[in-house]
Amino acid sequence: MELNGGQALIKSLEMEGVEVMFGLPGGAILPVYDPIIDSPIRHILVRHEQGAGHMAEGYAHVTGRPGVAMVTSGPAATNIVTPLCDAYMDSIPMVVITGQVALPSIGTDAFQECDTTGITQSVTKHNFLVTKAADIPRVIREAFHIATTGRPGPVLVDIPKDIVDPKNPASAMKWYWPTASELTAGLPGYKPTTIGNPRQIRKAAEMILSARKPVLYVGGGILKARAAEALRELAELTDIHVVTTLMARGAFPDDHRLCLGMPGMHGNYTAVMSMQESDLLVALGSRFDDRVTGRVPNFAPEAKIIHVDIDPAELGKVRRPDVPIVGDCRLVIEELVKAVRHLLDTGSTFPDRQAWKSKLSGWQERYPLAYEPPVEGENLKPQMVLEHLRDSTPDDTILVSGVGQHQMWASQYWKFNHPYTWVNSGGLGTMGFSVPAAIGAKVGRPDKMVWSVDGDGCFQMTAQELVTASAERIPVKVAILNNAYLGMVRQWQEMFYDERYSEVYLSPDLPDYVKWAEAMGCVGIRVESPEEIQPAIDKANSIDDRPVVVEFRTDASEKVFPMVPSGQSNSEIQVPPFQRPDGGAGQKEISQ
Amino acid sequence: MTAYPDLNRVVTHHTLSVLVENKAGVLARVANLFSRRAYNIFSLAVAPTDDDRFSRITIVVDAESAPLEQVVKQLHKLINVVKISELDPRASVERELLLATVRADVTTRGQVAEVTRIFDGRILAVSHDQVTVSLEGHPSKVDDFEELLRPFGFAELQRTGRVALPKLDREAPRLHTVKGKVS
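Residues numbered from 1 in each chain as written. Chains lettered and ligands numbered in written order. Predicted model: local features only at pLDDT ≥ 70, side-chain atom pairs only at ≥ 80, totals over all residues.

(A) Region of interest: the environment of L157 of chain B. Residue and element names in this part refer to chain B. Structurally, the position occupied by L157 is in strand β8 (residues 154–159). Look at L157 and you get partly exposed, because 13 C-beta atoms sit within 10 Å. Through-space distance from the C-alpha of L157 to that of V133 is 9.8 Å; in sequence the pair is 24 residues apart. (Helix = DSSP H or I, 4+ residues; strand = E, 2+ residues; numbered from the N terminus. Buried ≥ 20, exposed ≤ 12 C-beta atoms within 10 Å, placed from the backbone.)

(B) Representation of the packing of helix α9 (residues 198–210) of chain A against helix α14 (residues 329–345) of chain A within the structure. All names here are of chain A. With their axes 9 Å apart at the nearest point, α9 and α14 run at an angle of 60° to one another. When the axis of α9 is compared with that of α14, the two are oblique. Crossing handedness for the pair α9 and α14: right-handed. Contacts between α9 and α14 involve I201, R202, A204, A205, E206, I208 and L209 from the first element and V332, E335, L336, A339, V340 and L343 from the second. Each residue belonging to the contact of α9 with α14 can be placed in one class, and the counts come to 10 nonpolar, no polar and three charged. (Axes fitted to C-alpha atoms, helices over the stretch in contact; angles between N-to-C directions. Parallel < 35°, antiparallel > 145°, perpendicular 65-115°, else oblique. Left-handed = near helix turned anticlockwise from the far one by under 90°. Contact = placed C-beta atoms within 7 Å. Nonpolar A, V, L, I, M, F, W, Y, C, P; charged D, E, K, R; others polar.)

(C) Quick peek at the domain arrangement of chain A. All names here are of chain A. Its domain assignment divides chain A into domain 1 (2–185), domain 2 (198–366) and domain 3 (382–560). Summarising the inter-unit geometry, the C-alpha centres of domain 1 and domain 2 are found 38 Å apart. In this complex, domain 1 contributes six residues to the contact, which on the side of domain 2 involves six residues. Classifying every residue of the side of domain 1 that touches domain 2 gives one nonpolar, three polar and two charged. (Domains from an automatic or database assignment.)

(D) Geometry of the sheet that holds strand β7 (residues 154–160) of chain A. All names here are of chain A. Strand order in the open sheet formed by six strands is β3-β2-β4-β5-β7-β6, and the pairing between neighbours is parallel. Unpaired on one side and paired on the other, β3 (42–45) and β6 (126–129) mark the two borders of the sheet. Within this sheet the neighbouring strands show an average axis-to-axis angle of 20°, counted without direction. Pairing of strand β5 (residues 94–100) with β7, which is carried by seven bridges, proceeds in the parallel orientation. Looking at β7, one finds that G99 is bridged to I159. (Pairing = 2+ DSSP bridges.)

(E) Layout of the sheet that holds strand β12 (residues 280–284) of chain A. Residues and elements named next belong to chain A. Spatial strand order, β11-β10-β9-β12-β13-β14: six strands in an open sheet with parallel pairing. Two strands lie at the open edges of the sheet, namely β11 (259–261) and β14 (323–326), each paired on one side alone. For this sheet, the mean inter-axis angle between neighbouring strands, taken without regard to orientation, is 20°. Direction of pairing for strand β9 (residues 214–218) relative to strand β10 (residues 241–244): parallel, over a ladder of four bridges. Residue Y217 lies in a different strand from β10, and its bridge partner there is V243.

(F) Structural view of the interface of chain A and chain B. Listed per partner, the contact involves 23 residues of chain A and 19 residues of chain B. Looking at the side of chain A that touches chain B residue by residue, the class counts come to nine nonpolar, 10 polar and four charged.

Following this line, the structure appears as structure tokens:
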């Protein structure tokens, strides 16, 4: 079958099972957009290329399938660099196709030319510049293989216009689809290890059986490996408590008796201190991120480390493990469960962990997540808004956040009882992630309710994608926690810069979020007093034919607690003032 | 708090022999990785191998800038990197080529020629006031040669960076393959 390169590219995407792609056409990618008209693949036309990238990420987060975005050359390619880096940091499988100027023009500073593969080299797992039409099926197959296997990540394929342009005879190619063996033969340097070393797994099982203060430190890798069930089996078999990092919220149910919630800079007291005082940390698909460890030399000083990750470079990058295990989290945990069972069957027993358990429950009782009740007539407490939202949405609602205070409150106050119900930008911390990612998530899971929780600063970065959502009938719901500030920056300026507020004030009513929402085809609702919260949420939940934006006017002085100040030991964790012994009167001097 | 590197530290070098796919842009990927992760390259040499699908990059790494293990693991993550061997200096042969144009007029030309002869180097070109010499040898020998020529004054100096292969002795070559293929 004779095809031109553009047709071959779209057919390759169909062969990969792509059902939906996000994109925006332009000069260099025009020939690839033509065959989309005849393809069953749904194309969602975005308003900015960054939106296409984040939508593809949101879609990948909730479906586990690679997100696909396609944009043109030059500025379109540079606009999608942020989502690429975001996906790279959070290990999101994604394939991005960019147009490029015709091969003879490369290097001449042609119109809308940029060195896309050069620019994206350090923010992709791999990238390709295709130079022959005949290479297109092979490269697309390799791109999807690399994006979805091993440690997942974004892959970019740069396509010069002439090899896809039917007017160019060199764009003609004979269709083929590489076999599995041709695929691996084409990638001699790529062989991810998935099976864990059995001897190391046995050693890990023995350590788990002798630990008195063990904690399972669970990261996003559990979700990537579809290992939530295996994790639950391991936790219940060994009766060990679990902390779920920001990227792993939902990987272990928050309502489970062994769940301690989120650790880290804004983790809850028990999660942070349990790691800090543990004698064994079983790190599963987590990477000892600085937001989790605090000051590394002071992190969990007594703990031995078992570290399971599919990326060998994570083992020993920050903290040297006592038992490193390279492999797929699901496969390794399943083997670990067998190994622990075997030891239990042959007479081993767990040591008495009663003292540890009462310590944990003591912390939970003394330092629950809490905030001070709102003062009559003042702005809303953001935590209270989130509690209302949590309690009036289905248990499996997908929550998508941006980056900042609202993200931390969302992670803290939501109850994640199902995997793949929490979507956020963890590693890169990309403001503006929420709205487009929520749209992608809703496209991937139209059967579920999708709420975006956003800050006013974040919302203003990518809100125009709500036009896309209205046009494409993607009924996402957005809750803006509008405190009129870049809230997290304000919190740091208050705590670490002597309350000198530099360039953090936005405005409560510029823009007018309700009018803006309506202008974009959404329903807009403003909530200013506590009694308006519930009716507004109920109304939003009842609308299913268009996006809804609910603006909540929240208290700008509210800070995220607990907090471990940047660069300090996790033992320096600060609870909210009213939980301190002196009621916060003698608040310790905090330095960065 | 950021830990700043100690500038007075002793530099230790490790030689990595990296087999890569012979494709456009692979050297840029390797160089970019070193820059992105703040690893220091001491020297670097690239050439095709006997198999035209592959090239070999010999990198001398300043192992104080990052643990060698991390450098190797991160290199392995590059899709085009096929195999990495760490060459132990005691168990490998290392060579480097130096080309230098040295200031040498009628009064000093004889001395330059003498130094070059002692080191088994070669004189490639002579003019009224300059001499171009070459020396191939172990990098430390090349270092010594360079130091002895320095007093005459260099007009130009070019070194290739070292290349290395495992030493053959009665046992099998002690080529230590670094384990762990990467996603």
